[in-house]
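# A structural walkthrough
Listed below, chain by chain, are the residues.
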Amino acid sequence: MGRRLWWFGIVMGALLVAFGVAETVRVLTSGDGGLAFWFGSLVGGGACVLAGTLLATRHRRPSLWLTVVGCVAGALGTAWTLVVPFLLLTLVALRLSEKRPPAILRSEGQD
C-alpha cells in the first residue's frame, strides 16, 4: 500500500468518525431518533476503514474486507453529501487495484 493511499484511508476513516460524532451529538440533543443508524453507519464505518487501512501492510484480505464494509456503511450515512460516497468508492477501487507483492516477499499464512 502506497503512502498516499494509506493517508487517504486514514483521512476518510477519520472523516467518517467525525461525521458520526457530530450526528450522534445532534441526535442526542434534538431527540430526532436514529441514533443506531447514525452511530453505526458513520462511527462503525469509520472504525472499519481505519482498521482496514492500519492492517493493510500485514493482512491484505481481512484489511480489504474491513475497508469495503466500512466504506459501504459510511456511504449509507453520507449519501446526502454526494462527494463523500464518491471518495469512499474511490478508496475501494484503489484498494482493489493494488498489486499483490511477489510470492517470495509474502510470508505464509498472511493471505
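As shown above, the structure is provided for reference.
Here goes a summary of the coordinates provided. Keep in mind that this is a model prediction, so the values were computed, not measured.

## Here we look at the nonpolar core
- Judged by nonpolar contacts, Leu5, Met12, Leu16, Val27, Trp38, Leu42, Val49, Cys71, Val84, Leu88, Leu91 and Val92 together constitute the single largest core of twelve residues.
- Put simply, the parts of the chain that give this core at least two residues each are α1 (3-30), α2 (35-54) and α4 (83-96).
- In this view, Leu5 contacts Leu91, Leu94, Arg95 and Glu98; residues no more than four positions away in its chain are not counted.

## Brief notes about the environment of Thr67
- If you trace the backbone, Thr67 turns up in helix α3 (residues 60-77).
- Each C-alpha atom of the pair Thr67 and Gly9 lies 8.3 Å from the other, and the pair is 58 residues apart in sequence.
- Not counting residues up to four positions away in its chain, the partners in contact with Thr67 are Cys48, Val49, Gly52, Thr53, Leu91 and Arg95.

## Things to note about α3
- The end-to-end C-alpha distance of α3, which contains 18 residues, comes to 26 Å, matching closely the 26 Å that a straight helix rising 1.5 Å per residue would cover.
- Those residues of α3 not exposed but buried are Arg60, Ser63, Leu64, Thr67, Gly70, Cys71, Ala73, Gly74 and Gly77.
- Buried positions along α3 lie against α1, α2 and α4.

## Topic: the packing of α1 against α2
- Relative orientation of the contacting elements α1 and α2 amounts to 160 degrees, with a least axis distance of 8 Å. Classified by the interaxial angle, the pair formed by α1 and α2 is roughly antiparallel. In this structure, the crossing between α1 and α2 has a hand that is left-handed.

## Regarding unusual backbone geometry
- Positive phi outside glycine occurs at Leu82, with the angle close to 65 degrees.
- Tracing the chain through its elements places Leu82 in the loop between α3 and α4.

Definitions and cut-offs
- Residues numbered from 1 in each chain as written.
- Predicted model: local features only at pLDDT ≥ 70, side-chain atom pairs only at ≥ 80, totals over all residues.
- Heavy atoms only, no water.
- Core = buried A, V, L, I, M, F, W, Y, C linked by side-chain atoms within 4.5 Å.
- Buried < 20%, exposed > 50% of the residue type's maximum accessible area, 1.4 Å probe, protein only.
- Helix = DSSP H or I, 4+ residues; strand = E, 2+ residues; numbered from the N terminus.
- Contact = heavy atoms within 4.5 Å.
- Expected span 1.5 Å × (residues − 1).
- Axes fitted to C-alpha atoms, helices over the stretch in contact; angles between N-to-C directions.
- Parallel < 35°, antiparallel > 145°, perpendicular 65-115°, else oblique.
- Left-handed = near helix turned anticlockwise from the far one by under 90°.

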